[in-house]
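Remarks on the overall topology
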Amino acid sequence: MTASTRPIPARPKVAAWGAAAILACQAALGQQARSAPAAASAPGADGCAPMHWTAEQDHQNMMDQLGIRALRPGANGNENAPGHANYEEARANPFPDLPDALTFHSGQPVQSAAQWWGQRRPEIVEDFEREVLGRIPAKVPQVTWAVQSTSHTQAGVFPVVAKRLAGHVDHSSCPAITVDLEMTLVIPANAKGPVPVMIMFGSEAFLKRMAEMPATHPEWRAALGTDPPATEQLIAGGWGYALLDPGSIQADNGAGLTRGIIGLANQGRPRKPDDWGALRAWAWGASRALDYLETDPGVDAQRTGIEGVSRFGKAALVAMAFDTRFAAVLVGSSGEGGAKPHRRNFGEEVENLTGTASYHWMAGNFLKYGAAEASFGSRNAGDLPVDSNDLIALCAPRLTFISYGVPEKGDARWLDQRGSFLATVAAQSVFRLLGAQDLGVADDYHSAKMPPVNAGLLDGQLAWRQHDGGHTDAPNWKYWIPWADKFLHYHPAPWDLPADQPVFRTDANSLTAHSQLLDKARLGGIDVYFEGDSITRRWGALDYPALLANWKENFLGWNAADFGWGADQTQNILWRLQNGELDGVNPRVIVLLAGTNNAGNLPAGLDADAKAADVARGLRAIVRLMQSKAPAAVILLMGIFPRNDRPELMPVIERINASLSRFADGKRVRYLNINDKLASRDGQLFDGMMNASDRLHPTVKAYQVWADALKPLLTELLGPPANVDRAPPPSGDPSAIR
């Protein structure tokens, strides 16, 4: 049922200087077919004449229009095949100089922001529209958005409001071609006002398939990393997201060029050489999605971004470059036609985008730059008037994040990560001119060195990060969200979820630590498994050497490993355990100390009994989950330590501890409370037990008290410590170690 309908005019020109840009993708390979074009179907009474050509036939028609007799073949992606792509840096730069975005065609330099906006930017836009991506027609049919349904559902554990939308494109000029844009908008249910939204190229069905892939293709898990899905990270961070199905805008093949929005605008006829390609069409669809978002009261359209990976990373960059309403972009693994320079002879080449497999992404005129024989002679990448650095520069001064993975995990060398970095460095000058902070790379792009993997350049509005995953931007979302929040000055409403609800931490350091703890769990050899928050973590952590020395003195030979993480509440520990940190470990003893962070962060308005009951439920949920994942383990459940930093919390802590003592059965779950060794009966800490700076975290003296209470139980359950310890080496705070 249609809940509402809003007619929204299409905007073929989203800025005074026009629209369009560049992007292609990780091109497939293929030979140029020479079959003759099929005849057009007879024009209808309305003047619409849909063509039904194959990609090969349409491609040949464009070659005929341009006077091209032969194209150079593209590089072979198979490194063992003849004619395979070049991967030698010594041969990578046959055209070493990129076009200077701050130099006019006349050769004069751009000297002011006014000159950029009024003169130089329109020059670059015109070059991209004419030669690379094509022009959006002056009269694209109007889009009318309709909300088909609204539902209250969840993204992971987070309550959300989801709207299914359809953007019907007026096809009265060509009834044989129907185009209905498909989008799903999801925003947090706890929002107190309009929220930023990230438009993502994809569909619910596609995301579902992606979520299911790791179960049948384990190699995908390594490529995608261990973070929660991007959609859940966005909702957790107070953002919304809109899934925009690119296939509902334009088909991803040459045969579809006489259909979709391109075909509809041409009334089913083949393209002219400067008509738009699929990349520009997908970007047009993103702009039409933004048209709708500007009308939705739940959306902060001034803080809306766009994201895509691979060919859709190219399309996201195109959308950002040409529609200045977008505030931010995350460009994932975009390669040739995206962030990779056309002029680089490394991996994919221009010729891969002029063949039948991928030509539909680009304007017909782009085929000229793969021409070996033509009425105009021949051209190559060095003849292009613009390159990828210009495309990135068109995004300035807005938030532009270029993301790649590593070849070892599936982000193939074909994409030319280094070349894309050099193009990003070359675009810095425009960001600086417009008052934005750049990458912070002082070197000229010719000699700039890429930062190490996982060492992002995130201090400016132009950002770069190569993660250690595969052909995805999944591992970079935990960096993108806080980066965007900082520059957009966005402060989301906090979530208030019960203590027994698993919830991941949204900060990058915690998600990185989770990945490291998963690696530690996989190493095995663990008999004693410590779990908890910072009080537990510091004892066995590399970044607290004095505490680690005490840990080793007390537990060496019992194969003990520390899985605590600082600032975790029970919800966060539940999530980490649910997501693999205890899987397959099979410890014989688990030591759990947690809950103090919950006690200090409970919602106002609850009395002490209600607060204590909530935290106790969370701790009981952790114990039950531990029992399901490690059924042979004896769980030593610690009472929460006394706190003198906030004495008002002690009544709640005492109630929680009383509840835990009743929950323990004395056999498989044993309750252990050492508070009488740490503080007096009225809760005052004994001298030297807690850090003087925070009166919360134990000193070596207090940890020794804890160890003295544990060791008799470990001896009872495991026997005396062995001479050799098989536990994995200690870990620590990733940011501190770095």
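Structure shown above.
Now for a description of the structure that goes with this document.

**A look at the overall build of the protein chain**
- For the protein chain, the helix and strand inventory stands at 23 helices and 17 strands.
- A globule of 738 residues ought to have a C-alpha radius of gyration of about 27 Å, and the protein chain, at 30 Å, matches this closely.
- In terms of its C-alpha atoms, the protein chain occupies a principal-axis envelope of roughly 95 × 60 × 50 Å.
- Every one of the 738 residues in the protein chain was classed for burial, and the buried ones make up 59%.
- Contacts in the protein chain between residues far apart in sequence, at least 24 positions, make up 77% of those at least 6 positions apart.
- If the 69 positive side-chain charges of the protein chain are averaged to one point and the 78 negative ones to another, these points end up 2 Å apart.

**Some thoughts on the packing of aromatic side chains**
- Following the criterion strictly, the structure yields 30 aromatic pairs and no others.
- Pairing Phe-366 with Tyr-369 gives two aromatic rings, centres 6.4 Å apart and planes at 50 degrees, and the pair type is tilted.
- By relative accessible area, which is 3% here, Tyr-369 ends up buried.
- Clustering of aromatic rings is evident, with ring pairs tying together Trp-239, Phe-401, Trp-477, Trp-480, Trp-483, Phe-487 and Tyr-490.
- The positively charged end of Arg-280 is found above the aromatic ring belonging to Phe-322, 4.9 Å away from the centroid.
- When the ring centre of Tyr-479 is taken as origin, the NZ or CZ atom of Arg-465, which lies over that ring, is 3.8 Å away.

**What about the layout of surface pockets?**
- Of the pockets and cavities examined, the second largest pocket occupies roughly 730 Å³.
- Along the walls of the second largest pocket sit 30 residues, with Pro-494, Trp-495, Asp-496, Val-503 and Gln-569 positioned nearest its centre.
- For the lining of the second largest pocket, the elements supplying multiple residues, two or more each, are α5 (230-236), α13 (477-488) and α17 (570-581).
- The biggest single contributor to the lining of the second largest pocket is α13, with four residues.
- For the lining of the second largest pocket, the per-class residue count stands at 16 nonpolar, eight polar and six charged.

**Observations concerning the sheet that holds strand β14 (residues 560-562)**
- A sheet is described by the order of its strands in space; here five strands give the open sequence β14-β13-β15-β16-β17, paired in parallel fashion. Since the sheet does not close on itself, it has two edges, and those belong to β14 and β17 (669-672), each with one partner. Direction aside, neighbouring strands of the sheet carry axes that sit 20 degrees apart on average.
- The sheet contact formed by strand β15 (residues 589-593) and strand β16 (residues 634-638) spans four bridges and is parallel. If you follow Leu-592 over to β16, its bridge partner there is Leu-637.

**So, the side chain of Glu-581**
- Assignment of secondary structure puts Glu-581 in helix α17.
- Residue classification places Glu-581 among the buried residues on the basis of a relative accessible area of 0%.
- Polar side-chain contacts of Glu-581 include one of 2.5 Å to the side chain of Arg-576.
- Ignoring anything within four residues of it in the chain, the contact list for Glu-581 reads His-514, Leu-517, Leu-518, Ala-521, Tyr-529, Glu-531, Phe-563 and Arg-576.

**A closer look at the state of the cysteines**
- Going through the model one piece at a time under the given rule, you end up with one disulfide.
- Between the sulfur of Cys-48 and that of Cys-174 lies a disulfide, 1.7 Å long from S to S. Taken together, the residues Cys-48 in the loop between β1 (4-8) and α1 (55-66) and Cys-174 in the loop between β4 (158-169) and β5 (180-188) connect sequence positions 126 residues apart. Like Cys-48, the residue Cys-174 is buried in the burial classification.

**With respect to the pairing of strand β3 (residues 143-155)**
- In the sheet, β3 pairs with β4 via twelve bridges, with the strands oriented antiparallel. If you follow Val-147 over to β4, its bridge partner there is Leu-165.
- The hairpin formed by β3 and β4 contains two residues between the paired strands, and Gly-156 there has a positive phi angle of roughly 65 degrees.

**A look at the pattern of salt bridges**
- According to the stated counting rule, one finds 42 salt bridges in the structure shown.
- With a shortest N-O distance of 2.8 Å, Glu-131 and Arg-130 are connected by a salt bridge.
- Overall, Glu-131 belongs to the buried group, its relative accessible area being 6%.
- Residue Arg-130 is classed as partly exposed on the basis of its relative accessible area, which comes to 27%.
- For Lys-163, the salt bridge goes to Asp-296, with nearest N and O atoms at 2.8 Å. Here Lys-163, found in strand β4, pairs with Asp-296, found in the loop between α7 (278-293) and β8 (305-309); they are 133 residues apart in sequence, far enough to count as distant. Like Asp-296, Lys-163 is buried.
- Residues joined in a network through salt bridges with shared partners are Glu-126, Asp-127, Glu-129, Arg-130, Glu-131, Arg-135, Asp-274, Arg-280 and Lys-368.

Parameters and conventions
Residues numbered from 1 in each chain as written. Predicted model: local features only at pLDDT ≥ 70, side-chain atom pairs only at ≥ 80, totals over all residues. Heavy atoms only, no water. Helix = DSSP H or I, 4+ residues; strand = E, 2+ residues; numbered from the N terminus. Rg over C-alpha atoms; globule rule 2.2 N^0.38 Å. Buried < 20%, exposed > 50% of the residue type's maximum accessible area, 1.4 Å probe, protein only. Contact = heavy atoms within 4.5 Å. Lys, Arg positive; Asp, Glu negative; His and termini not counted. Charge placed at Lys NZ, Arg CZ, Asp CG, Glu CD. Phe/Tyr/Trp six-rings, centres within 6.5 Å; stacked < 30°, edge-to-face > 60°. Lys NZ or Arg CZ within 6 Å of the ring centre and 35° of its normal. 1 Å grid on protein atoms, 1.4 Å probe; cavity = no way out; pocket = protein on both sides within 12 Å on 5 of 7 lines; lining within 4 Å. Points joined across faces, edges and corners; volume = space filled by probe spheres on them. Nonpolar A, V, L, I, M, F, W, Y, C, P; charged D, E, K, R; others polar. Pairing = 2+ DSSP bridges. Axes fitted to C-alpha atoms, helices over the stretch in contact; angles between N-to-C directions. Polar contact = N/O pair within 3.5 Å; in protein donor to acceptor, adjacent residues only side chain to side chain. Disulfide = S-S within 2.5 Å. Salt bridge = Lys/Arg side-chain N within 4 Å of Asp/Glu carboxyl O.

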